[in-house]
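Spelled out, the chains give:
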Amino acid sequence: MARILTGIQASGVPHLGNILGAILPAIKLSQNPQNDSFLFIADLHSMTTIKDAKIMQENTRAVAAAWLACGFDAEKNFFYRQSRLAGYHTELMWYLNCQTPYPMLANAHSFKDKSDRLSDVNAGLFTYPVLQAADIVLYGANFVPVGKDQRQHLEMSKDIAAIFNRTYGEVLTLPEPLIDETVMVIPGTDGTKMSKSYNNYINIFLAEKPLLKAIKSIVSDSTPLEEPKNPNTDVTFKLFSLVAEPIEIEEMRINYLAGGFGYGHAKQALFEVLWKKFEKEREIFNYYMANEEALEAKLKHGEAKAREIAEKTINDVRGVLGYL
Ligand code: ADP
Ligand code: TRP
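Counting from 1, residues in each chain are numbered in the order their sequence is written. Chains and ligands are labelled sequentially in the order written, the chains with letters from A and the ligands with numbers from 1. In view of the model being predicted, local features appear only for residues whose pLDDT reaches at least 70, and side-chain atom pairs are presented and counted only at 80 or more, with totals across whole chains, interfaces and linings using the full set of residues. By convention in this description, side-chain values take in all heavy atoms of the structure and omit both hydrogens and water.

Enquirer: Looking at this structure, how should I read the overall build of the chain?
Expert: Counting its regular elements, the chain contains 14 helices and five strands. The globule rule is 2.2 Å times the number of residues to the power 0.38, and the radius of gyration it is compared with is taken over C-alpha atoms. Computed over its C-alpha atoms, the radius of gyration of the chain comes to 22 Å, within 12% of the 20 Å expected for a compact globule of 324 residues. Considered along the principal axes of its C-alpha atoms, the chain spans approximately 75 × 40 × 40 Å. Under the scheme applied here, a residue whose accessible area is under 20% of the maximum for its type counts as buried, over 50% as exposed, and between as partly exposed, the area being computed with a 1.4 Å probe on protein chains only. A burial count over the chain gives 48% of its 324 residues as buried. For the chain, contacts bridging at least 24 residues in sequence account for 78% of all contacts bridging at least 6. Calculation of accessible area relied on Shrake-Rupley with a 1.4 Å probe; when residues are assessed, cover is drawn exclusively from the protein chains displayed. A total of about 15900 Å² of accessible surface is found on the chain, and carbon and sulfur atoms cover 54% of it. Within the chain, the 39 negative side-chain charges are centred at a point lying 1 Å from the centre of the 34 positive side-chain charges. Secondary structure elements follow DSSP: runs of H or I of four or more residues count as helices, runs of E of two or more count as strands, with numbering from the N terminus. Note on definitions: a residue-residue contact is assigned when non-hydrogen atoms from the two residues lie within 4.5 Å. His is not counted, nor are the chain ends, whereas Lys and Arg count as positive and Asp and Glu as negative. All charge positions are set by atom: Lys at NZ, Arg at CZ, Asp at CG, Glu at CD.

Enquirer: Before we go on, may I ask you to explain helix α7 (residues 123–137) in this structure?
Expert: Along an α-helix, residues three or four positions apart point the same way, because every turn accommodates 3.6 residues. Every helix has an expected span of 1.5 Å times one less than the residues it contains. Helix length check: α7, at 15 residues, gives a terminal C-alpha distance of 22 Å against a target of 21 Å (1.5 Å per residue), a fit within 8%. Fitting axes to the seven residues that end at a residue and to the seven that start at it, the angle between those axes gives the bend at that residue. By the largest-angle criterion, Pro-129 marks the main kink of α7, which is about 40°. For α7, the tally of buried residues reaches 13 of 15 residues, placing the bulk of the element in the interior. Measuring from the side-chain oxygen of the N-cap residue of α7 to the backbone nitrogen of Gly-124 gives 3.0 Å; that N-cap residue is Asn-122. Think of a polar contact as two N or O atoms within 3.5 Å of one another; within protein, one of them needs to be a possible hydrogen donor and the other a possible acceptor, and neighboring residues in sequence only count if both atoms come from side chains.

Enquirer: Could you clarify how one ought to interpret the domain arrangement of the chain in this entry?
Expert: Note: interface size is frequently given as the accessible area lost on complex formation between the parts. Assigned domains of the chain: these are domain 1 (2–185 + 293–321) and domain 2 (208–280). In this complex, domain 1 contributes four residues to the contact, which on the side of domain 2 involves five residues. Note on definitions: buried area is the accessible-area loss of two parts on being combined, 1.4 Å probe, summed for both. Buried surface at the junction of domain 1 and domain 2, summed over both partners, amounts to about 400 Å²; 93% is from carbon and sulfur atoms. Salt-bridge detection follows one rule: a side-chain nitrogen of Lys or Arg within 4 Å of a carboxyl oxygen of Asp or Glu. For the pair domain 1 and domain 2, the interface holds zero salt bridges. Note on residue classes: Ala, Val, Leu, Ile, Met, Phe, Trp, Tyr, Cys and Pro are nonpolar, Asp, Glu, Lys and Arg are charged, and everything else, Gly too, is polar. Of the residues contributing to the side of domain 1 that touches domain 2, the split by class is four nonpolar, no polar and no charged. Domain ranges listed in this record stem from an automatic or a database domain assignment.

Enquirer: Help me out: how do you make sense of the environment of Gly-262 in this one?
Expert: With respect to the helices and strands, Gly-262 occurs in the loop between α11 (246–258) and α12 (263–277). Given a relative accessible area of 5%, Gly-262 falls into the buried group. For the pair Gly-262 and Leu-225, spaced 37 residues apart in sequence, the C-alpha separation works out to 4.6 Å. Not counting chain neighbours up to four residues away, the residues in contact with Gly-262 comprise Leu-225 and Lys-229.

Enquirer: Looking at this structure, how should I read the site of ligand 1?
Expert: Put simply, a residue is near a molecule or strand once any heavy atom of it comes within 4 Å of that molecule or strand. In the vicinity of ligand 1 lie 13 residues, with His-15, Ile-186, Met-194, Ser-195 and Lys-196 positioned nearest. Compared with its free state, where it exposes 540 Å², ligand 1 has 75% of that area covered by protein. Grouping the constituent residues of the shell around ligand 1 by class yields five nonpolar, six polar and two charged.

Enquirer: Can you help me understand unusual backbone geometry in this one?
Expert: The phi angle of most residues is negative, glycine excepted, and most peptide bonds adopt the trans form. Unlike most non-glycine residues, Asn-199 shows phi in positive territory, near 55°. Relative to the helices and strands, Asn-199 resides in the loop between β5 (176–178) and α9 (208–216). For Asn-199, a relative accessible area of 65% puts it in the exposed group.

Enquirer: I would appreciate a short explanation of the packing of aromatic side chains in the present structure.
Expert: Within a pair of aromatic rings, the relevant descriptors are the distance that separates the centres and the angle that separates the planes. Pairing of aromatic rings covers Phe, Tyr and the six-membered ring of Trp, with a centre-to-centre limit of 6.5 Å; geometry is then stacked below 30 degrees between planes, edge-to-face above 60, and tilted otherwise. Inspection of every chain in the model, using the stated rule, returns 16 aromatic pairs. For the ring pair Phe-40 and Tyr-80, a centre distance of 5.5 Å and an interplane angle of 15° mean the geometry is stacked. Within this pair, whereas Phe-40 is found in strand β2 (residues 35–41), its partner Tyr-80 is found in strand β3 (residues 78–81), the two being separated by 40 residues in sequence. Residue Tyr-80 is classed as buried on the basis of its relative accessible area of 0%. Here the aromatic cluster, defined as three or more aromatic residues joined through ring pairs, consists of Phe-38, Phe-40, Phe-78, Tyr-80 and Tyr-139. Placement of a positive charge over a ring is assigned whenever Lys NZ or Arg CZ falls within 6 Å of the ring centre and within 35 degrees of the normal to the ring plane. One Lys or Arg, Arg-282, reaches over the ring of Trp-275 and ends 3.9 Å from the middle of that ring.

Have a look at this one:
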């Protein structure tokens, strides 16, 4: 039985890129009966950048609702908010802080990048990787599925846990990252990587009209309607081929190459596929967004289950530290 754990920042409604690139693959892993999956909302990490309580709450709900909508089984697995178990996470973080060499944090790419970009360079940004290490070892995770950008954070988690073990004995499980190098980068409406930060994303949970509007905003070139078009360079075609059935993709390719088929037609077809494909997900997402108590019940249940594991690790750690 392997323990698989991942954290998701409370950064707003997950978009098509997040869903295809991270959420659906992680859900697939969690469906393997050999695995115990831990999925949590890293809302303490989000505090390094989000300073508004209402936004924090809304984002947390949207992230949780999206995972449930995409099929994450919160009963079989562990589904919780980091902030509701903050006592354990931050206590362990402190112990790990006292093992973490200062230069390891000072040289972290993401800290350097954020401290160059952001006006608010707070200590939370600096110690961010130590909290992440605590999140992971608190639940004895063996594998941590993350995007490529998290590789260094995962190396640091493992190194910090190993330093702790060298000092106090083999108490913590050393985690390994699971990075799928084959995951494609899903393009946004402007053709660059779809991202919340670039405002080029498609939110598949939107209602019909705004979804169609978002799809209509996808870039295209000025090839006239009657002329053939290149499916291999067109963003609408790329997105279509990520979500449609093989036969529909083939038909669309033929239409592009034949001419007489405009980008407007292609966008309408992409809208129709997205509208139908994510119908159930949209319904469940909206259900949880409108029914706060139902969402709360799922999370509370997950938090109670996670607490038992966190408590056991903290006790083991306190024991080796001489605090019991
Ligand atoms: P964003 O860029 O929108 O802020 P995050 O950095 O929060 O997204 O990414 C969350 C997860 O979604 C990561 O695992 C990341 O690899 C994945 N992801 C984000 N954008 C894309 C994309 N355009 N294509 C594929 N995967 C993506
Ligand atoms: N830093 C991760 C991100 O921005 C989120 C995160 C926090 C995380 N704690 C974690 C990911 C523990 C994996 C494991 O995406």
